[in-house]
Structures are given as structure tokens and as C-alpha cells.
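In case you want the letters, here they are:
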Amino acid sequence: MRTLLAVLCVLLFGVVAVTASGSSAEVASPAPAPRYTPMPVIPTIAPDVGERSARSYVRLWGTFALPIEGGEVPSDPDLLPGAPRDYRGGIHEGIDFPAPNGTAVLAAASGTVARVDASFLDWTREQQEIALYEALTLGYTPAATLDRIRGRQVWIDHGKGVITRYAHLSAVEPLTVGEKIEAGTLIGEVGSSGYPQGGPHLHFEVRVGDDFYGDGLTGDDLARAVSRLFR
Ligand SMILES: [Zn+2]
């Protein structure tokens with residue numbers, strides 16, 4: 001009995017000793033360093049306005065004939081690329097030529113027809129309102145919305161990444177995608193499809209790669225780049 005008691009005492013002492021040493025070990029060891037992921041350092045991307053000076057557009061100067069019969073190059077900044085378009089939380093990417101409905105629209109240079117909206121169905125006012133509300137909420141105009149705002153269109157590919165877009169047309173000529181056409185070819189008529197609130201005008205847009213001609217320019221640089229675009 002005495003032996004059993006002694007064994008129990010030894011066991012009990014051992015448990016207490018192990019527990020005590022265990023807890024003292026926890027206290028003694030340094031607390032693990034808090035684990036956190038530092039915020040990545042994102043380099044500030046400087047606006048490339050400086051890089052994209054007027055000089056970068058010089059290669060296109062004198063490339064195009066006026067795309068509208070009897071028109072003249074607009075100078076009102078609101079009609080030029082980069083003008084704010086508050087109703088859709090975006091900016092203007094083309095050059096607007098106000099003109100009466102039905103005015104002849106001409107290919108501004110020779111090229112290959114890349115798009116002709118021969119069968120075109122304009123969106124309803126309700127569809128437009130929903131899309132514009134979404135654009136305002138997003139703070140930019142989604143590409144699909146912008147395309148519908150441009151209405152009935154013809155696009156001409158001039159090679160080397162340069163494409164001209166003719167938008168808001170009321171009618172298009174019977175052109176075929178892939179067809180080669182010359183500068184001055186009749187391609188459609190002025191209208192206000194896609195955004196009737198803007199009134200009839202030709203929205204003429206020059207795409208340069210993924211960008212639009214005039215992007216990054218302002219003031220006199222922009223006005224000069226737009227007027228020099230036409231021969
Ligand atoms: Zn426009």
C-alpha cells in the first residue's frame with residue numbers, strides 16, 4: 001500500500017512538473033511575430049500625355065480628305081477628341097462634323113471596308129437610359145455601350161493599325177466587308193443613330209492601334225493635330 005502511494009505521488013508530481021514546465025516554456029518562448037502581408041508597392045504610372053506629344057501623330061498629318069461633303073474641320077473643343085461626355089461618364093474619341101441629315105459621307109482615304117452596319121437595329125430609349133445609368137455608375141463608358149451610342153457605322157481599315165470609323169449614320173451604301181475602296185467613295189449618309197440627342201452629325205474617329213487619334217492632346221496641340229490630319 002505504501003509502495004502504491006509512493007508511485008501515485010511520483011506520478012502526480014511528474015504530471016504537475018510537466019504541466020508547470022510546459023506552461024513556463026510557453027511564457028518563456030517569444031511570441032510569434034504577427035503575420036501580415038505588406039501592401040505591395042505599386043509604382044505610380046505617370047500619365048503618358050507628355051510622351052504622346054503632338055509629334056507622335058505627325059505621321060498621320062495630311063492623310064485624310066474631309067469625310068463629309070461640303071464640311072469643314074471643326075475647332076470647337078467640344079467636337080474634338082478628349083472632350084468630356086458627362087452624360088456617360090466618359091470622353092469623346094472622335095471628331096464631330098455637324099451636318100444636315102442625309103449629307104453624303106465619304107471615305108477619308110483609300111482602304112478596306114472593315115465593318116458595314118447594313119442591317120442595323122437601333123436601341124430603344126429605355127435601353128439607352130439603362131446603359132447610360134450603368135456608365136455613370138461605373139464612371140466610364142463600357143465598350144459595348146460606346147458602340148451602341150455610335151449607332152449605324154462604317155469602318156475602313158487603312159493598314160498599319162489605322163482604322164477610320166464613321167458613326168451615327170442614317171444609311172450606308174451597299175458595301176462589303178473586305179472590299180477595297182478609294183478616298184472619296186460614298187459610304188453613307190449623316191444621321192443621328194445611336195444618340196439622337198446629339199442631333200445629326202458625322203462622328204469621325206481615327207483609331208491608331210488601341211488608341212484614338214488626338215488622345216492625350218489638349219488646347220492648341222489638339223486643334224493643330226486635328227486640322228493637320230486633313231489634307
Ligand atoms: Zn462624336
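Each chain carries its own residue numbering, running from 1 in the written order of its sequence. In keeping with the predicted nature of the model, local features appear solely for residues at pLDDT of at least 70, side-chain atom pairs appear and are counted solely at 80 or more, and the whole-chain, interface and lining totals rest on all residues. Based on all heavy atoms of the structure, the side-chain values leave hydrogens and waters out of the count.

The next point concerns the overall build of the chain. Counting its regular elements, the chain contains four helices and 12 strands. Exposure classes here rest on a 1.4 Å probe applied to the protein chains alone. A residue is buried below 20% of its type maximum, exposed above 50%, and partly exposed in between. Counting the 231 residues in the chain, one finds 38% classified as buried. Once local pairs closer than 6 in sequence are excluded, the contacts in the chain between residues at least 24 apart make up 71%. Under the DSSP-based scheme used, a helix requires at least four consecutive residues in state H or I and a strand at least two consecutive residues in state E, with every element numbered from the N terminus. What makes two residues a contact is simply this: any of their non-hydrogen atoms within 4.5 Å.

Take the coordination of the zinc ion next. For the zinc ion, the full set of protein donor atoms is H92 (NE2), D96 (OD) and H203 (ND1), and the range of their distances to it is 2.0 to 2.1 Å. Donor atoms (N, O, S) are those found within 2.8 Å of the metal centre, with the cutoff raised to 3.2 Å for Na, K and Ca; water is not part of the atom list, so apparent gaps in a site can occur. For the zinc ion, all donor residues lie on one chain, and their spacing in sequence is H-x3-D-x106-H. Linking D96 in strand β3 (residues 95-98) with H203 in strand β11 (residues 201-208), this pair joins segments that are 107 residues apart in sequence.

With that out of the way, let us pick up the sheet that holds strand β8 (residues 171-172). Within the open sheet, the three strands sit side by side as β4-β10-β8. Their pairing is antiparallel. Looking at strand neighbours, the two that pair on one side only are β4 (104-106) and β8, the edges of this open sheet. Alignment of β4 against strand β10 (residues 186-189), held across three bridges, turns out to be antiparallel. Looking across to β10, one finds that A104 is bridged to E189. Pairing between strands is defined by DSSP: at least two bridges between them are needed.

In this section: the packing of aromatic side chains. Aromatic contacts are taken between Phe, Tyr and Trp rings whose centres are within 6.5 Å, Trp giving its six-membered ring; a plane angle under 30 degrees counts as stacked, one over 60 as edge-to-face, and the others as tilted. Counted under the stated rule, the structure contains seven aromatic pairs. Considering the side-chain rings of Y57 and Y213, the 4.7 Å spacing of their centres and the 65° angle between planes classify their relative orientation as edge-to-face. Here Y57 is found in the loop between α1 (2-28) and β1 (84-85), whereas its partner Y213 is found in the loop between β12 (211-212) and α4 (219-229), with 156 residues between them in sequence. Since its relative accessible area comes to 5%, Y57 is described here as buried. Look at Y213 and you get buried, because its relative accessible area is 2%. For the ring pair F64 and F204, a centre distance of 6.0 Å and an interplane angle of 80° mean the geometry is edge-to-face. Here F204 lies in strand β11 and F64 lies in the loop between α1 and β1, a separation of 140 residues in the sequence. Both residues of the pair, F64 and F204, count as buried. Each member of the aromatic cluster is reached from another via a ring pair, and the members are F64, F97, Y166, F204 and F230. In this scheme, Lys NZ or Arg CZ marks a charge over a ring once it lies within 6 Å of the ring centre and within 35 degrees of the ring normal. Sitting above the plane of the W155 ring, R165 keeps its charged end 4.1 Å from the centroid.

The next subject is the confidence of the model for the chain. Confidence of the predictor in every single residue is expressed as pLDDT, which spans 0 to 100. For the chain, mean pLDDT is 84; residues scoring 70 or higher make up 77% of the total. Taken together, the stretch residues 3-28 has pLDDT below 50 and engages in zero contacts with residues farther than four places along the chain or on a different chain.

Moving on, we come to the nonpolar core. Across soluble globular proteins, nonpolar side chains show a tendency to be buried alongside one another. Of all hydrophobic cores here, the largest spans 35 residues; its most connected members are F64, V154, Y166, I187, L202, F204 and L229. Of all the secondary structure elements, the ones that give two or more residues to this core are β3, β5 (111-116), β6 (154-157), β7 (162-167), β11 and α4. Element by element, the count of residues in this core is highest for α4, at four residues. One finds A131, L132, I149 and Y195 within the second-largest nonpolar core, a separate group that totals five residues. We call a set of buried Ala, Val, Leu, Ile, Met, Phe, Trp, Tyr and Cys residues a nonpolar core when their side-chain atoms join them within 4.5 Å.

It is worth spelling out the layout of surface pockets at this point. The definitions used throughout rest on a 1 Å grid laid over the protein atoms alone, on which a cavity is an enclosed set of points accommodating a 1.4 Å probe that cannot get out and a pocket is an open set flanked by protein within 12 Å on both sides along at least five of seven lines; lining residues are those having an atom within 4 Å of a point. Grid points are joined across faces, edges and corners, and a volume is the space filled by probe spheres set on the points. Its volume calculated, the largest pocket comes out at about 290 Å³. Within the residue set of the lining of the largest pocket, elements represented by two or more residues are β3, α3 (143-149) and β11. When residues in the lining of the largest pocket are grouped by element, the largest group, three residues, is from β11. When residues are sorted by character, Ala, Val, Leu, Ile, Met, Phe, Trp, Tyr, Cys and Pro go into the nonpolar class, Asp, Glu, Lys and Arg into the charged class, and all the rest, Gly among them, into the polar class. Residues belonging to the lining of the largest pocket are distributed by class as follows: seven nonpolar, five polar and seven charged.

Moving on, we come to the pattern of salt bridges. For salt bridges, the criterion is a side-chain nitrogen of Lys or Arg within 4 Å of an Asp or Glu carboxyl oxygen. Taken as a whole and judged by the stated rule, the model has 10 salt bridges. In this structure, the salt-bridge partner of R85 is D78, at a minimum N-O distance of 3.1 Å. For R85, a relative accessible area of 11% puts it in the buried group. A salt bridge links R165 to E205, with the shortest nitrogen-to-oxygen separation between them at 2.9 Å. Here the residue R165 occupies a position in strand β7, and E205 occupies one in strand β11, the gap between them amounting to 40 residues. Several salt bridges converge on common partners, so that one network encompasses E93, R165, E205 and R207.

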